[in-house]
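Single-letter residue listing:
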Amino acid sequence: MAAQLRLRSALALVTGAGSGLGRAISQRLAREGALVVAGDRDGAAAEGTIRLLEGMGSEAGSGPRCHAAFQVDVAEAGAVQGLIEQIQVRACFSRPPSVVVSCAGIIRDEFLLRMPEDYWDEVIAVNLKGTFLVTQAAARALVSNGCGGSIINISSIIGKVGNLGQTNYAASKAGVAGMTSSVALELGRHGIRCNSILPGFIITPMTKKVPQKVLDQITARIPMGHLGVPEDVADVVAFLASDDSGYITGTTVEVTGGLFM
Ligand code: NAP
């Protein structure tokens with residue numbers, strides 16, 4: 001089936017773009033015609049994603065594409081602000097990203113009774129504060145340029161239902177969903193939508209750290225009968241990024257195969 005080009009004029013920033021969901025989302029947005037800025041704390045991994053985008057986009061085959069990779073630690077306010085500024089001064093872009101996908105995330109699992117304070121701090125810093133910093137910097141740029149946009153935050157179903165050994169992760173992802181609703185309330189009048197996605201268990205390098213026995217137990221509880229693949233999430237991101245979801249804001253979309261419904 002021919003790819004739709006719903007994002008022909010969009011500039012999309014994806015964080016955590018060097019791996020897993022972020023890489024698949026970058027590929028999907030580029031296939032829809034968007035120019036993609038891939039940000040990751042692993043700059044080489046982000047470059048790897050950009051190489052996969054060659055030839056993709058609305059101008060594919062008709063000239064050089066301007067997809068770009070940036071090394072960025074989303075937990076560092078200065079680095080995030082610098083990224084948004086660099087994007088706007090780059091000749092290919094010269095505008096803030098109108099699609100912003102916060103996908104960078106980490107896990108540091110341990111049971112509550114043994115959870116070291118630094119595990120808590122690291123997960124909150126990347127998953128929650130990082131999403132806040134990216135959302136805030138991008139929103140400020142969009143508002144001051146008078147542009148609308150779509151901000152999509154990757155939360156998790158674990159933020160809604162909790163999980164053994166993930167008090168820190170669950171708190172960070174519940175925070176992302178709550179923040180998303182507040183952002184939607186504040187930015188709707190600027191034509192900026194903000195939604196979050198709650199993936200269930202998706203096969204990526206992150207879930208490869210989960211013991212197979214546990215994955216088998218989870219799979220047995222999924223109504224669709226299998227774990228998700230990154231493209232399942234990327235499809236929903238493309239929808240939320242596009243005008244097809246133009247009247248949807250402040251919501252969460254569960255991409256779980258029916259798990260925990
Ligand atoms: P992944 O393969 O580990 O990808 C995460 C990417 O984010 C990695 O490239 C990672 O770099 C990068 N990253 C980590 N900390 C960063 C920082 N401070 N600044 C910039 N980039 C950073 O994981 P994934 O499964 O694709 O997960 C992507 C997002 O989906 C995460 O937010 C995760 O919580 C969420 N999610 C995943 C699932 C799932 O089942 N896979 C389910 C629900 C939600 P390093 O490799 O250097 O750490």
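Scroll up to find the structure.
Residues numbered from 1 in each chain as written. Predicted model: local features only at pLDDT ≥ 70, side-chain atom pairs only at ≥ 80, totals over all residues. Heavy atoms only, no water.

## Comments concerning the overall build of the protein chain
Regarding its fold elements, the protein chain presents 8 helices and 7 strands. Computed over C-alpha atoms, the radius of gyration of the protein chain comes to 18 Å, within 12% of the 18 Å expected from 2.2 N^0.38 for 261 residues, which places it in the range of a compact globule. Taken along the three principal axes of its C-alpha coordinates, the protein chain extends 50 × 40 × 35 Å. Within the protein chain, buried positions represent 50% of all 261 residues. The long-range share in the protein chain, meaning contacts at least 24 apart out of those at least 6 apart in sequence, stands at 74%. (Helix = DSSP H or I, 4+ residues; strand = E, 2+ residues; numbered from the N terminus. Rg over C-alpha atoms; globule rule 2.2 N^0.38 Å. Buried < 20%, exposed > 50% of the residue type's maximum accessible area, 1.4 Å probe, protein only. Contact = heavy atoms within 4.5 Å.)

## Re the packing of helix H1 (residues 20-31) against helix H2 (residues 43-52)
For the pair H1 and H2, interaxial distance at closest approach is 9 Å and the crossing angle is 30°. In terms of orientation, H1 and H2 fall into the roughly parallel class. When you trace H1 past H2, the crossing you get is right-handed. Counting all contacts with H1, which are made through Arg23, Ser26 and Gln27, the residues of H2 involved are Ala45, Gly48, Thr49 and Leu52. Partitioning the contact of H1 with H2 into residue classes produces 2 nonpolar, 4 polar and 1 charged. (Axes fitted to C-alpha atoms, helices over the stretch in contact; angles between N-to-C directions. Parallel < 35°, antiparallel > 145°, perpendicular 65-115°, else oblique. Left-handed = near helix turned anticlockwise from the far one by under 90°. Nonpolar A, V, L, I, M, F, W, Y, C, P; charged D, E, K, R; others polar.)

Bear in mind that shape data such as this cannot, by itself, settle questions of function.
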